[in-house]
Amino acid sequence: MVSGRAQRPGDIVTSLAGKTIEVLNTDAEGRLILVDAITYAIRQGCTHLVDAATLTGAIVVALGHIHIGAFSNDDTLYARVAAAAKAAGDRMWRMPLDDDYKDYLKSAFADIPNIGGRWGGSVTAAKFLEEFVEGKPWVHLDIAGTAWLDDAKPHMAKGPTGLPARTFANLALNWA
């Protein structure tokens, strides 16, 4: 620990939305910030949400460094994001977001833990985020496998990729 005020497993934190979160893994701190950003966006009047984060190593296990993992609670918004990605040349793959995965996100001490168990890590991370979108149409892009490439690909240089900036630009320019 850096100091006595550092986050520790077992800590209970309260999100901006007022939900309590049990910290089971201190390496999953980014999602704590992301759920507060989602709550803030909703409070500012956002009606549709699209976020991207290097959220999980589990998405790299599932999809390698080829596709962005996409999660969504809304087929229409997902179709718009997927079309923007295709037009931009970015590759993504829709992952499941079934409610059955919520069973992995139970805490005896808080409203929700910051991680699920060993299984379905990328899905349970997305389910964690979904708990904060308040039913708004939402797409989460897990870019952990595509944000940085150790080796050049035919369609992408080695190093930082900038994904999914082209998708976001295309989505914004064609939003009607």
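Above this text is the structure in question.
My aim in this report is to walk through the structure given alongside it, one point at a time. (Residues numbered from 1 in each chain as written. Predicted model: local features only at pLDDT ≥ 70, side-chain atom pairs only at ≥ 80, totals over all residues. Heavy atoms only, no water.)

**Looking at the packing of aromatic side chains**
Selection rule: Here is the rule: rings of Phe, Tyr and Trp (six-membered ring for Trp) pair when centre to centre is within 6.5 Å. Planes less than 30 degrees apart are stacked, more than 60 are edge-to-face, and the remainder are tilted. The classification of residues rests on relative accessible area computed with a 1.4 Å probe and restricted to protein chains. Under 20% of the type maximum is buried, over 50% is exposed, and intermediate values are partly exposed. As a reminder, the over-ring test applies to NZ of lysine and CZ of arginine, requiring each to be within 6 Å of the ring centre and within 35 degrees of the ring normal.
Tallied over the full model, the rule gives 2 aromatic pairs. Ring centres 6.2 Å apart and planes at 45° place the aromatic pair Tyr101 and Tyr104 in the tilted group. Take Tyr104: its relative accessible area is 39%, and that puts it in the partly exposed class. The ring of Phe132 carries Lys19 above its face, with NZ or CZ at 5.2 Å from the centroid. Geometry around Trp175 places Arg80 over its ring, the cationic atom sitting 3.6 Å from the centre.

**Points about the sheet that holds strand 5 (residues 92–94)**
Heads up, the rule is: At least two bridges found by DSSP between two strands are what make those strands a pair. In DSSP terms, a helix is any run of H or I states spanning at least four residues, a strand is any run of E spanning at least two, and both are numbered starting from the N terminus. The axes used here are C-alpha line fits, helices contributing only the stretch in contact, and every angle between their N-to-C directions lies in the interval 0 to 180 degrees.
The 4 strands are arranged 3-7-4-5 in an open sheet whose pairing can be described as mixed. Two strands lie at the open edges of the sheet, namely strand 3 (49–53) and strand 5, each paired on one side alone. Ignoring which end each strand starts from, the neighbouring axes of this sheet average 25° apart. Across 5 bridges, the pairing between strand 3 and strand 7 (residues 138–142) is parallel.

**Regarding the nonpolar core**
For the record, the criterion: What we call a nonpolar core is a set of buried Ala, Val, Leu, Ile, Met, Phe, Trp, Tyr and Cys residues that are connected through their side-chain atoms within 4.5 Å. Contacts are residue-level and defined by heavy atoms, with any inter-residue pair within 4.5 Å sufficient.
Ranked by size, the top nonpolar core spans 26 residues in total, and within it Ile21, Ile38, Leu49, Phe71, Phe128, Leu129 and Trp138 carry the most contacts. Breaking this core down by element, the ones donating at least two residues are helix 1 (30–43), strand 3, helix 2 (58–63) and helix 4 (121–130). Examining the composition of this core, we find that 6 residues originate from one element, helix 1, more than from any other. Those residues in contact with Phe71 that lie beyond four places of it in its chain are Ile59, Met95, Pro96, Leu97, Ser122, Val123, Ala126, Trp138, Val139, His140 and Asp142. Within the second largest apolar cluster, 15 residues are counted, among which are Ile68, Leu77, Leu141 and Leu149.

Worth remembering: the numbers are spatial, not functional.
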